[in-house]
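Architecture and fold: a report
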Amino acid sequence: MNTVQLECFLTVAEYLNFSKASEALKLTQPAVTHQIQSLEKELNVKLFRRTSKNVSLTQEGLLFISDAQLILKTAMSAKERLGNHEHFVSLEIGCHNQAELRLLPPVLQELIQEYPLLRPDIHLVPFPSLVNLIESNQIHAALGLKETHRRSSLFYQELCLAPAACVCAPGHPLSRYRTLTTKQLASAGNFIACTPRPVPDSFFHVQNSLLMQLPPKNRFLTDSVDSAFALAKAQIGYTLYPDIPAARDAELCYIPITDLSAISFGVYCPPEHDLPVLKRFLALMGKALRTQS
């Protein structure tokens, strides 16, 4: 496996068109095809489905994207580091959605003052597979809601207990309330829920119990938290999500739901977590959540 193969794979995955990918790479189309075929042969899987009309990623191709990006970035970082004779400090952080992403800038700003050679990289992956990336040593830490059902050897540091909240646009009828109950939500019109993959089982069960009380016309399902928030901003309905003040979207209202339990939000990292920059990251995240909340 080499960087040319990976660049070809990622470019074809971006354009889903061999002709456009070859133009972007400044290679002939047969050369790009050869690189993809040799990579598929080495991995012993098909990465793309090709017909006379279109190109699409296989399931294996979708799964390989994050690995290819990581391998290519590591190779490029090593080349840069060796060429500049600098000892850069790597920190790979995972987030599930834009809300978690909003927590990072002040922490990284302070962290890079302490570690001038820090090269942080943020992976936005809207699925629980972030935990698998830590277990396979592809990232150092991941923010997220605690998975109470999951057995894992990973270290989990709780940052806060986040109360469940109704999230809606300022013009939504529910926005006038200071607090709400699940009974009130059941008669409040359209509910936007996430499919099981982007949220922990415990929180999906809360969503599901509310969905079961609504007629089909009032149910909206999305495959990510960010999509649910976008529909809420469009005043299509309301959604549910744990409320972390520092992660709030300024264009939305967050109303506590008094009869639902708070959910633990924190950071997952390897059990040894003895990397100095990682330990400092954990400390600064805890400080930031306590201060901003």
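The sections below set out a description of the structure shown in this document.

1. Observations regarding the nonpolar core
Soluble globular proteins: nonpolar side chains tend toward being buried together. Counting residues in each nonpolar core, the largest one holds 61 residues, and the members touching the most others are Leu103, Leu143, Cys166, Leu185, Tyr238, Phe281 and Met285. The element that contributes the greatest number of residues to this core is helix H11 (residues 276–292), accounting for eight residues. Setting aside residues up to four positions removed in sequence, Phe281 forms contacts with Leu91, Ile93, Leu104, Val107, Leu111, Ala141 and Val267. Cys8, Val12, Phe48 and Leu57 belong to the second-largest nonpolar core, a separate cluster that totals 18 residues.

2. Section: the environment of Ala283
Counting through the fold element by element, Ala283 comes out in helix H11. Expressed as a C-alpha distance, the spacing of Ala283 and Val107, which sit 176 residues apart in the sequence, is 9.6 Å.

3. A short note on helix H3 (residues 29–43)
Between its first and last C-alpha, H3 extends 21 Å over 15 residues, near the 21 Å set by a 1.5 Å rise per residue. Note on H3: the residue one or two positions beyond its end, Asn44, has a positive phi of about 65°.

4. Examining the side chain of Glu40
The topology assignment puts Glu40 in helix H3. In terms of polar contacts, Glu40 uses its side chain to reach the backbone amide nitrogen of Phe48, at 3.4 Å. Discounting residues that sit within four places of it in the chain, Glu40 has contacts with Val45, Lys46, Leu47 and Phe48.

About the criteria used
- Residues numbered from 1 in each chain as written.
- Predicted model: local features only at pLDDT ≥ 70, side-chain atom pairs only at ≥ 80, totals over all residues.
- Heavy atoms only, no water.
- Core = buried A, V, L, I, M, F, W, Y, C linked by side-chain atoms within 4.5 Å.
- Buried < 20%, exposed > 50% of the residue type's maximum accessible area, 1.4 Å probe, protein only.
- Helix = DSSP H or I, 4+ residues; strand = E, 2+ residues; numbered from the N terminus.
- Contact = heavy atoms within 4.5 Å.
- Expected span 1.5 Å × (residues − 1).
- Polar contact = N/O pair within 3.5 Å; in protein donor to acceptor, adjacent residues only side chain to side chain.

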